[in-house]
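Observations on the three-dimensional arrangement
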Amino acid sequence: MSLVRSVVTGVGAYLPPKVVTNDDLAKFVDTSDEWIVERTGIRQRHQAADDQPVSDLATEAAKEALAAAGKTAADVDLIIVATTTADLTFPAVATMVQRKLGAPVGIAFDVQAVCSGFVYALSVADGFVARGHAKCALVIGAETMTRLMDWSDRGTCVLFGDGAGAVVVEAKAGEGTTADQGLQGFALRADGTKQDLLYVDGGVSTTGTVGKLRMLGNQVFKHAVVNISEAIHAAAANAGVAVADVDWFIPHQANQRILAGVAHRCGIDENKVISTVAIHANTSAASIPLALAHGIKDGRIKKGDLLLLEAMGGGLTWGACVLRL
Ligand code: ACO
């Protein structure tokens, strides 16, 4: 049965040049490189310059993704940005990226699902592309998470970094089998009763301020491994593939111990897990496309590989998706 598939045809990334090591943080936070590495696997993070809004990061990643796909801004008819750190309360970052790229009038909006945002955004893009409402989409995860840090809270401020990753998603004919290139299955979840575990304590309609990130890290940790493992199995079942068939697992990069815990629980060989948490830290919605770009650039991930993406974040939200590159 032939059908239209949403195929990832280009991947791009952007990291701001400034690198902050654990030792740099230990100069003004009561922490140490040893504690951060042992508990999280994080060694460094990138930090956007004061005059670098998240739309700039997103635009740079988008340019690289378009070049990789052999497309130009003129081809783009849909832009979705997954972010929780927008330049302004409105308009959407996606419309700013559209303007900065010089893309024509089309569809552009943001998706807010915190660290799960990229997986959510991919499924939204699939809805447009597979139904013929868009032919060439940019799906971007972009964050300036360091702007949300309370630098006196050592339990959170050492965990996050800034960056952006982008993919071009194009409509292509498939046969309706798991051998097709493209997005094949999703599992998306949210549980609003867990809001207090991870949230920002400010907002437009409450405090009128931006607020700071608050997290009960060890409780989030406990939910992460169980929730993500369930979503991995559900997404694989939805796609009609076995978890063992997946070539590369590309997790949201929150904590190396979560990555290892999920791999162990799902029987995944740790050598199949792309990990960038040591060098990027937690970049929220940007972490999956950044890790995808990293795995492609170092030659591990190749065209035709079966990929499984997964994430969990504030909401709580979580999810997974299967695609063949
Ligand atoms: N340096 C030194 N000591 C620290 C630091 C630090 N940076 N942070 C906390 N500690 C201390 C605590 O004060 C505590 O000390 P105490 O025992 O004297 O009270 C001790 O270390 C243990 O604290 P825990 O919070 O229990 O440490 P844990 O092993 O759980 O690690 C961490 C904390 C890294 C936050 C972990 O719980 C984690 O990664 N959680 C999940 C985070 C996550 O996945 N978030 C989801 C995505 S984020 C998003 O959606 C925006």
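Residues numbered from 1 in each chain as written. Predicted model: local features only at pLDDT ≥ 70, side-chain atom pairs only at ≥ 80, totals over all residues. Heavy atoms only, no water.

Short version of the rule: UniProt positions are given in the numbering used here, feature names are shortened, and annotations may be inferred rather than shown by experiment.
The protein chain is annotated in an unreviewed UniProt entry as Beta-ketoacyl-[acyl-carrier-protein] synthase III of Caulobacter vibrioides OR37. In the Sequence similarities (unreviewed entry) part of its UniProt record, the protein chain is described as follows: "Belongs to the thiolase-like superfamily. FabH family." What UniProt records for the protein chain under Pathway (unreviewed entry) is the sentence "Lipid metabolism; fatty acid biosynthesis."

Section: empty space enclosed by the protein
Rules: Residues are said to line a cavity or pocket when one of their atoms sits within 4 Å of a point; the points come from a 1 Å grid over protein atoms alone, cavities being sets where a 1.4 Å probe fits but cannot get out and pockets being open sets with protein on both sides within 12 Å along at least five of seven lines. Grid points are joined across faces, edges and corners, and a volume is the space filled by probe spheres set on the points. Runs of H or I in DSSP of at least four residues are treated as helices and runs of E of at least two as strands, each being numbered from the N terminus. The nonpolar class holds Ala, Val, Leu, Ile, Met, Phe, Trp, Tyr, Cys and Pro. Asp, Glu, Lys and Arg form the charged class, and all remaining residues, Gly among them, are polar.
What the rule picks out here adds up to 1 cavity of 30 Å³ or more. Forming the boundary of the largest cavity are Ile 232, Phe 249, Pro 251, Leu 259, Val 262, Ala 263, Ile 268, Val 273 and Glu 310. Looking at the lining of the largest cavity, the elements with two or more residues in it are β11 (248-251) and α8 (256-266). By residue number, the principal contributor to the lining of the largest cavity is α8, which donates 3 residues. Broken down by class, the residue content of the lining of the largest cavity amounts to 8 nonpolar, no polar and 1 charged.

Concerning the UniProt feature "active site" (unreviewed entry) in the protein chain
Our working rule: We call a residue buried when its accessible area falls under 20% of the maximum for its residue type, exposed when it is over 50%, and partly exposed in between, using a 1.4 Å probe and counting protein chains only. Residues count as neighbours in contact if any of their non-hydrogen atoms are within 4.5 Å of one another.
The sites that UniProt annotates as "active site" (unreviewed entry) are Cys 115, His 252 and Asn 282. Taken together, the annotated residues stretch across 168 residues yet fold into one region, lying no more than 8.6 Å apart by C-alpha. As for the annotated residues, the ones lining the largest pocket are Cys 115. Examined against the element boundaries, Cys 115 turns out to sit in the loop between β5 (107-111) and α5 (117-130). What makes Cys 115 buried here is its relative accessible area of 6%. Every residue in contact with Cys 115, bar those within four places of it in the chain, is listed here: His 252, Asn 282, Ser 284, Ala 285, Ala 311, Met 312 and Gly 313. Apart from residues lying up to four places away in sequence, Asn 282 is in contact with Cys 115, Met 145, Leu 159, Phe 160, Gly 161, His 252, Gln 253 and Ala 254.

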